[in-house]
Amino acid sequence: MSLELATQNDFDAIIAFYDDVTARTPEMATYARWSKGKHPTVEGIRAYIDEGSMYLYRECGAIAGAMAVTMYQDEDYHAIEWTQQVVDDKVAVIHILAVSPDAQGNGIGSEMIREAIRMAESKGMQTIRLDALASNTPAHRLYERLGFEYRGKQHLYAENTGWTDFYFFEFKQ
């Protein structure tokens, strides 16, 4: 598997991909609570593309998976008790990971995460982190199976959820 860096030429296809994932993923309303126009946002996706953080996995030319991997962490991550204290620009963070409903269950999400870990390590990142809604128990199981450890929770506001609990995970290196 290889991830490709998204460009602005991919923008419309990425928006269509996330809209499709949001509309057709079973239990989306329960687990991730993404909603069209609220999360992921058009502005957020454009920003990830502009900063070179948006990655795609294609099958037969179509987007089968997408995610953002930033080479920095935001302030929301500061309140968590991590296993190691690392400056923000030495932390890779995985965001908005999604797999097409037609390709779910085939290991694509796991491979995308493994590829993100390899990429972060090759860029000298000291750790890899991510967050998920507390209700997203399938994602928690996936992250833990791939070597991430639950490190804590925060009650945060998001456009698509309102105030809710987020769980934070860190890759055990």
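To start, this report covers the structure provided alongside it. Given the structure is predicted, the values throughout are model-derived calculations rather than measurements.

Structural notes on helix α2 (residues 42-50)
So, point 1. Residues Ile45, Tyr48 and Ile49 constitute the buried set of α2. For α2, the angular spread of the buried residues around the axis is 100°, confining them to a single face. Every exposed residue of α2 that faces more than 90 degrees away from the buried side is listed here: Glu43 and Asp50.
So, point 2. For α2, the secondary structure elements touched by its buried residues are α1 (11-24), β2 (54-59), β3 (62-70) and β4 (91-99).
So, point 3. Note on α2: the residue one or two positions beyond its end, glycine 52, has a positive phi of about 75°.

Quick look at the sheet that holds strand β7 (residues 162-171)
So, point 1. In spatial order, the strands read β1-β2-β3-β4-β5-β7-β6; together these seven strands make up an open sheet with mixed pairing. Each having just a single partner strand, β1 (4-5) and β6 (148-158) make up the two edges of the open sheet.

A short note on the nonpolar core
Across soluble globular proteins, nonpolar side chains have a tendency to be buried as a group.
So, point 1. One finds Val69, Ile94, Ile113, Tyr143 and Phe148 to be the most contacted residues of the largest nonpolar core, which totals 30 residues.
So, point 2. The set of elements that each furnish at least two residues to this core consists of β2, β3, β4, α3 (108-122), β5 (127-133), α4 (137-145) and β7.
So, point 3. With seven residues, the single largest contributor to this core is α3.
So, point 4. The residues contacting valine 69, other than those within four sequence positions of it, are Ser53, Tyr55, Ala92, Val93, Ile94, Ala116 and Met119.
So, point 5. Core analysis: the next-biggest nonpolar cluster, separate from the first, contains 20 residues, Ile14, Val21, Ile49 and Ile63 among them.

Cut-offs used in this document
Residues numbered from 1 in each chain as written. Predicted model: local features only at pLDDT ≥ 70, side-chain atom pairs only at ≥ 80, totals over all residues. Heavy atoms only, no water. Buried < 20%, exposed > 50% of the residue type's maximum accessible area, 1.4 Å probe, protein only. Helix = DSSP H or I, 4+ residues; strand = E, 2+ residues; numbered from the N terminus. Arc of directions from axis to C-beta. Contact = heavy atoms within 4.5 Å. Pairing = 2+ DSSP bridges. Core = buried A, V, L, I, M, F, W, Y, C linked by side-chain atoms within 4.5 Å.

As far as function goes, none of this settles anything; it's purely spatial.
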